[in-house]
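Structural overview for review
These are the residues of each chain, in order.
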Amino acid sequence: MRFLITLALIVISPLTASAQTSEQIEMCAAVGEFVEVVFDARANGVPLSAVLALVMSQESTSDSEKDLWSQVVQTAYAEPTYHGEEAQRRQVLTFRSEAEVACFSGFGL
């Protein structure tokens, strides 16, 4: 979890001074959505290497952001796998909530 807090602070730090609250909320929601997509990919059997390749192929993303997003992906894939649809859904929502809380905390919201 400390990793996610650090990630959120690093990713959002350039925007902190200039971003409006609505933009901050949108960014933190995007962080949460990304985490959810990664967990869904993992649950559907998408290999870690395929998700990392996708992250690294994003031309509009800086290398430092790619490294950070890659760490998020690896952290999600390192989480234990729960069996049963309800348990998996709770895990996804918990991880997403933790990521969003870390992001909002980075903005001081």
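Before reading on, note that the structure itself is shown above.
The following refers to the structure shown.

Cut-offs used in this document
- Residues numbered from 1 in each chain as written.
- Predicted model: local features only at pLDDT ≥ 70, side-chain atom pairs only at ≥ 80, totals over all residues.
- Heavy atoms only, no water.
- Core = buried A, V, L, I, M, F, W, Y, C linked by side-chain atoms within 4.5 Å.
- Buried < 20%, exposed > 50% of the residue type's maximum accessible area, 1.4 Å probe, protein only.
- Helix = DSSP H or I, 4+ residues; strand = E, 2+ residues; numbered from the N terminus.
- Contact = heavy atoms within 4.5 Å.
- Expected span 1.5 Å × (residues − 1).
- Salt bridge = Lys/Arg side-chain N within 4 Å of Asp/Glu carboxyl O.
- Axes fitted to C-alpha atoms, helices over the stretch in contact; angles between N-to-C directions.
- Parallel < 35°, antiparallel > 145°, perpendicular 65-115°, else oblique.
- Left-handed = near helix turned anticlockwise from the far one by under 90°.
- Nonpolar A, V, L, I, M, F, W, Y, C, P; charged D, E, K, R; others polar.

With that settled, the discussion passes to the nonpolar core. V35, F39, V73 and Y77 are the most contacted members of the largest nonpolar core, which totals 19 residues. Where this core is concerned, the elements lending two or more residues are α2 (21-43), α3 (48-56), α4 (63-78) and α5 (85-107). Looking at this core element by element, the count peaks at six residues for α2. Other than its neighbours up to four places away in sequence, F39 contacts A76, E79, Q91, V92 and F95.

The terminal C-alpha atoms of α2 lie 33 Å apart, and with 23 residues this matches the ideal 33 Å at 1.5 Å per residue to within 8%. Among the residues making up α2, those that are buried are Q24, C28, V31, G32, V35, E36, V38, F39, A41 and R42. Once α2 finishes, G45 follows within two positions and takes phi at roughly 85°, a positive value.

Per the stated rule, a full pass over the model turns up four salt bridges. The partner of R89 in a salt bridge is E36, and the shortest N-O contact between them spans 2.8 Å. With R89 in helix α5 and E36 in helix α2, this pair connects stretches of sequence that are 53 residues apart. Residue E100 is joined to R96 by a salt bridge in which the shortest nitrogen-to-oxygen separation is 2.8 Å. With a gap of four residues between them, E100 and R96 both fall in helix α5, about one helical turn apart. Each member of the pair, E100 as well as R96, carries the same accessibility label: buried.

Here we take up the packing of α2 against α4. Where α2 meets α4, the axes come as close as 10 Å, and the angle between the chain directions of the two elements is 45°. When the axes of α2 and α4 are compared, the pair comes out oblique. α4 is crossed by α2, and the crossing has right-handed handedness. Facing V31, F34, V35, V38, F39, A41 and R42 of α2, the residues of α4 in contact are W69, V72, V73, A76 and Y77. Its residues assigned to classes, the contact of α2 with α4 comprises eleven nonpolar, no polar and one charged.

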